[in-house]
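Notes for the structure review
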Amino acid sequence: VFLPGTQDRAVRDFRQWLQKTAGGIPWAKGRDALPPRVRNKGELFDVYNTHTKHCRHCSRALVNLKRVRTALFAAAFVAVAVLNGLAAVGVGGMLALAGLALNRFMQLFYVYEFEHADN
């Protein structure tokens, strides 16, 4: 005989709410089968097609980041062309590194790979 304790009340109430408002859980008896698992990591971690291109905020942020990246690389080129010696290498290198770091950050708008085992 199962006699739920007071600590089980929240779970019971949640399941009753879920059954009443959402039609129950999809893996319950008598329900259709769950969709097949996505095993292709390219599809699974594709952030661009599942979110970025549909979200106006993320799309706008990505466009702005691309502009900043282009400006950083252009400024690095101008710094190397205009400045002389060590200053040209230092300033141009820092601007180019900033552009590369921004490029790496922008990849999160396209693919975000996540493994629970690595966390």
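All figures in this text were calculated on a predicted structure; none of them were measured in a lab. (Residues numbered from 1 in each chain as written. Predicted model: local features only at pLDDT ≥ 70, side-chain atom pairs only at ≥ 80, totals over all residues. Heavy atoms only, no water.)

**Re the confidence of the model for the protein chain**
The predicted model of the protein chain averages 86 in pLDDT, with 87% of residues at 70 or higher. Averaged pLDDT values over the elements of the protein chain bottom out at 82 in helix H2 (residues 41-44) and peak at 95 in helix H4 (residues 56-82). (pLDDT = per-residue confidence, 0-100. Helix = DSSP H or I, 4+ residues; strand = E, 2+ residues; numbered from the N terminus.)

**Thoughts on helix H5 (residues 85-106)**
Helix length check: H5, at 22 residues, gives a terminal C-alpha distance of 32 Å against a target of 32 Å (1.5 Å per residue), a fit within 8%. Burial in H5 covers these residues: Ala88, Gly92, Gly99, Leu102 and Met106. Projected down its long axis, H5 carries its buried residues within an arc of 85°, all on one side. Facing away from the buried surface of H5 by more than 90 degrees, the exposed residues are Leu86, Val89, Met94, Leu97 and Arg104. On its buried side, H5 packs onto H4. (Expected span 1.5 Å × (residues − 1). Buried < 20%, exposed > 50% of the residue type's maximum accessible area, 1.4 Å probe, protein only. Arc of directions from axis to C-beta. Contact = heavy atoms within 4.5 Å.)

**Quick notes on the packing of H4 against H5**
Relative to each other, H4 and H5 sit at 160°, their axes nearing to 8 Å. On the basis of the axis angle, H4 is roughly antiparallel to H5. Crossing hand, H4 versus H5: left-handed. Here Leu62, Leu65, Lys66, Val68, Arg69, Leu72, Phe73, Ala75, Ala76, Ala79 and Val80 of H4 come into contact with H5, specifically with Ala88, Val91, Gly92, Leu95, Ala96, Ala98, Gly99, Leu100, Leu102, Asn103, Phe105 and Met106. (Axes fitted to C-alpha atoms, helices over the stretch in contact; angles between N-to-C directions. Parallel < 35°, antiparallel > 145°, perpendicular 65-115°, else oblique. Left-handed = near helix turned anticlockwise from the far one by under 90°.)

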